[in-house]
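Topology and contacts: notes
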Amino acid sequence: MVKHAQLEIHIPNVLHNYRYFRSKLKPETKLLVLIKANAYGHGAGAITKFLSENGVGFFAVSNAYEAIDLRQNGIKENILILGNIDFSATEELAKQNITVCVFDTDYAKKLNQHLNTSESKLNCHIKLDTGMGRLGLDCRNGFDTNLFEQSIKDIFSLKNINITGAFTHFASADNDGENAKEYTKNQYSRFKKASDIIKNVAEIKGIKNLCFHSFNSAATLLENKNFPTDLYRAGIILYGLSPSSKISLPFELKPVMSLKAMIAQVKNIKKGDSISYGCTFTADKDMRVATVTAGYADGYMRGLSNCGYMLINGKKAKILGRVCMDQTVVDVTDIENVNSGDVATLFGEGISVDELASILNTINYE
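Note that this is a predicted model, so its numbers are computed, not measured.

**Some words on unusual backbone geometry**
Of note in the backbone geometry, alanine 37 takes a positive phi value of approximately 55° without being a glycine. Position of alanine 37 relative to the elements: it lies in helix α2 (residues 36–41). In this model, asparagine 337 sits at a positive phi of 55°, which is unusual for a non-glycine residue. Position of asparagine 337 relative to the elements: it lies in the loop between β17 (328–331) and β18 (343–347).

**Regarding the pattern of salt bridges**
For the structure shown, the criterion picks out 7 salt bridges. Here lysine 95 ties to glutamate 91 by a salt bridge, and the two come within 3.7 Å at their closest N and O atoms. With lysine 95 and glutamate 91 both in helix α5 (residues 90–95) and 4 residues apart, the pair spans about one turn of that helix. Residue classification places glutamate 91 among the partly exposed positions, given a relative accessible area of 27%.

**So, the environment of aspartate 273**
Tracing the sequence through the fold places aspartate 273 in the loop between β11 (257–269) and β12 (274–275). With relative accessibility at 32%, the residue aspartate 273 sits in the partly exposed group. Between the C-alpha atom of aspartate 273 and that of lysine 285, which follows or precedes it by 12 residues, the distance is 9.0 Å. If we ignore the near neighbours within four places in the chain, the residues touching aspartate 273 are Phe281, Thr282 and Ala283.

**Some details on the side chain of asparagine 13**
Assignment of secondary structure puts asparagine 13 in helix α1 (residues 11–23). For asparagine 13, the side chain forms a polar contact with the main-chain oxygen of proline 255, separated by 2.9 Å. Residues in contact with asparagine 13, not counting those within four places in the same chain, are Leu238, Lys254, Pro255 and Val256.

Basis of the calculations
- Residues numbered from 1 in each chain as written.
- Predicted model: local features only at pLDDT ≥ 70, side-chain atom pairs only at ≥ 80, totals over all residues.
- Heavy atoms only, no water.
- Helix = DSSP H or I, 4+ residues; strand = E, 2+ residues; numbered from the N terminus.
- Salt bridge = Lys/Arg side-chain N within 4 Å of Asp/Glu carboxyl O.
- Buried < 20%, exposed > 50% of the residue type's maximum accessible area, 1.4 Å probe, protein only.
- Contact = heavy atoms within 4.5 Å.
- Polar contact = N/O pair within 3.5 Å; in protein donor to acceptor, adjacent residues only side chain to side chain.

So, in structure tokens, the structure goes:
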């Protein structure tokens, strides 16, 4: 029974999506699962525990707090932090065997300095900016390879830093157009050049078996088989959504998240009656409406006012007027047997969050 507003997480669907994603890869291929932003809002602790119990051994998060939280929830598998960290957390991350990304020499030196009194070394992957323009050592178009090589040597010389890999992120892999493909191709070419330099420096130091990775969900789906990678990163696809509307999925995903709410009241209104704040909707005929116990405080975006819809008894019920903080009114004139206590699906099975994202001119992630 749904009380007020209820977010349902269908954890077995994560495994379904994971297995389909994995089926596109060779059996021996390594896979890293993205659990950042609370597993894209799905609950990182439960999702990670479930996946680790089903053989997933490598997870990625955004920051130190997310990583340490997973350790506190009993996750013993490999964890990679994709963003920067507070230097005060450095020693704890080293003790917890959590891998941190290094994106410039000054940052690496500060990490190393904060470990001077620690008995543990900090595992790190080098982040390379090949065209995303966010974090990373400069490997963009026409980058200075000599300067880059010196930066890599400086990082490898730090006694408290243990480099175990390097990675980049594709900016346009979620677009199947020719320009996007060319941009991804150029990014990979720069990534390969930078990776070769890192390998050479590592070999001189006697370090082998570094992990190099670049493929996110979108890049994998577009089957860029000419771009070898040591592991693939699975993100939004695990949660039952496509990385982009521009990509046609080769298999059926199952949505993991559903948002539902209860119908508090059903009543008749007359032609000329207005609904909700600002009277932005006025009925042009006699109607039957339902008040649903969810609004923008529950994550149902106010931008859906007068243009979104919910699913009631398998049919679309259009939103009338503005979405309120914790209530929303919908049109049920043409939907039979709608009663107080019934359930409205705001998104989930039967009404994809992709549809709502399209109405809001945003992406399913948000």
